[in-house]
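Single-letter residue listing:
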Amino acid sequence: MNAKAINKIDSTAVPLNLENVDTDQIIPARFLKATSREGFGDNLFRDWRYDSNGQPKKDFVLNNPIYHGKILVAAKNFGCGSSREHAAWAIKDAGFDVVVSSFFADIFKNNSLNNFLLPVTVSDTFLSRIFSAIEKDPATTIEVNLEKQTITLPATGQQETFEINNYKKTCLLNGYDDIDYLLSIRGDIETFEHSHS
């Protein structure tokens, strides 16, 4: 299986219960100088995570050791603001495979899908249930099944389905970027070319 592939994620989660989180808060502009995808995780939510002396702020959720996992749960309108692929890079580099919210900015959503970070859109009601479950028990797990397009709270059995573009679903399930996908259907392309030449 391709190391980038995503299918089932069963993990604890980090709750970021803040609305309208923009890309400059996710990764401040001063950290956009690098062109490779590595190293951005250290500066994820930099101005919220650290004070002016570079010391971790104890009251910020990513600095709280009781919260960890591969799923970031965010409040409504996550990833708004300027278009920067680095925002998805930073979240992925920090160890997250899934971001859950009740609304994502389109550009952020597309950047995430292109970088093997799965954005899962749920209803406001289900999002509230997730936050409540984590608040009640930080060790609670969330199951995300990309194949079935479901997100489940095993502790209560509550579940919702989520939408995803079929092409992007295929890419994530197989760990394909756009070029890998074209290579995977090369035989079909060649057959089509021969039949129309």
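Everything here concerns the structure above.
Residues numbered from 1 in each chain as written. Predicted model: local features only at pLDDT ≥ 70, side-chain atom pairs only at ≥ 80, totals over all residues. Heavy atoms only, no water.

Novice: Go over the pattern of salt bridges, please, and point to the residues and values.
Specialist: Applying the stated criterion across every chain yields a total of three salt bridges. K76 is the salt-bridge partner of D124, the closest N and O atoms lying 3.6 Å from each other. In this pair, D124 is assigned in helix α5 (residues 124-136) and K76 in the loop between β3 (71-74) and α3 (85-93), connecting sequence segments 48 residues apart. For K76, a relative accessible area of 36% puts it in the partly exposed group. For D97, the salt bridge is made with K92, and the minimal N-O distance between the two is 2.7 Å. What makes K92 partly exposed here is its relative accessible area of 25%. (Salt bridge = Lys/Arg side-chain N within 4 Å of Asp/Glu carboxyl O. Helix = DSSP H or I, 4+ residues; strand = E, 2+ residues; numbered from the N terminus. Buried < 20%, exposed > 50% of the residue type's maximum accessible area, 1.4 Å probe, protein only.)

Novice: Outline the pairing of strand β2 (residues 13-16), listing residues and values.
Specialist: The side-chain alternation of β2 yields two buried faces, one formed by A13 and P15 and the other by V14 and L16. Judged from the four bridges that link them, β2 and β3 form a sheet pairing that is parallel. Paired with A13 across the bridge in β3 is I71. (Pairing = 2+ DSSP bridges.)

Novice: Describe in detail the environment of D51, supporting the description with residues and values.
Specialist: Topologically, D51 is positioned in the loop between α2 (46-49) and β3. Taking relative accessible area as the criterion, D51 reaches 33% and is therefore assigned partly exposed. Here N53 takes part through its backbone nitrogen, which lies 2.8 Å from a polar atom of the side chain of D51. (Polar contact = N/O pair within 3.5 Å; in protein donor to acceptor, adjacent residues only side chain to side chain.)

Novice: Break down the packing of aromatic side chains for me, with residues and values.
Specialist: Per the counting criterion, the structure on display carries seven aromatic pairs. With a centroid separation of 6.0 Å and 55° between ring planes, the pair formed by W48 and F60 is classed as tilted. Taken together, the positions of W48 in helix α2 and F60 in the loop between α2 and β3 put the pair 12 residues apart, joining distant regions of the chain. Judged by its relative accessible area of 24%, W48 is partly exposed. Relative to F108, the ring of F78 lies with its centre 5.3 Å away and its plane at 80°, an arrangement referred to as edge-to-face. Note that F78 is positioned in the loop between β3 and α3 and F108 in helix α4 (residues 106-114), a separation of 30 residues in sequence. Grouping residues by exposure puts F78 and F108 together as buried. An aromatic cluster of at least three residues, connected via ring pairs, comprises F45, W48 and F60. (Phe/Tyr/Trp six-rings, centres within 6.5 Å; stacked < 30°, edge-to-face > 60°.)

Novice: Tell me what's going on with the environment of D124, and back it up with residues and numbers.
Specialist: Here D124 falls in the partly exposed class, since its relative accessible area comes to 42%. For D124 and S102, which are 22 residues apart along the polypeptide, the C-alpha to C-alpha distance reads 5.5 Å. When neighbours within four sequence positions are excluded, D124 is seen to be in contact with K76 and S102. Within polar-contact distance, the side chain of D124 engages the side chain of S102 at 2.8 Å. (Contact = heavy atoms within 4.5 Å.)

Novice: So what's going on with the pairing of strand β5 (residues 118-121)? Residues and values would help.
Specialist: Remark: a regular strand shows side chains that alternate across the two faces of the sheet. Where strand β4 (residues 98-101) and β5 come together, four bridges link them in parallel fashion. Across the sheet, the residue bridging to V100 is V120, located in β5. Between the parallel pair β4 and β5, the chain is carried across by α4, and the sense of this crossover is right-handed. (Right-handed = clockwise from strand over helix to strand, strands pointing away.)

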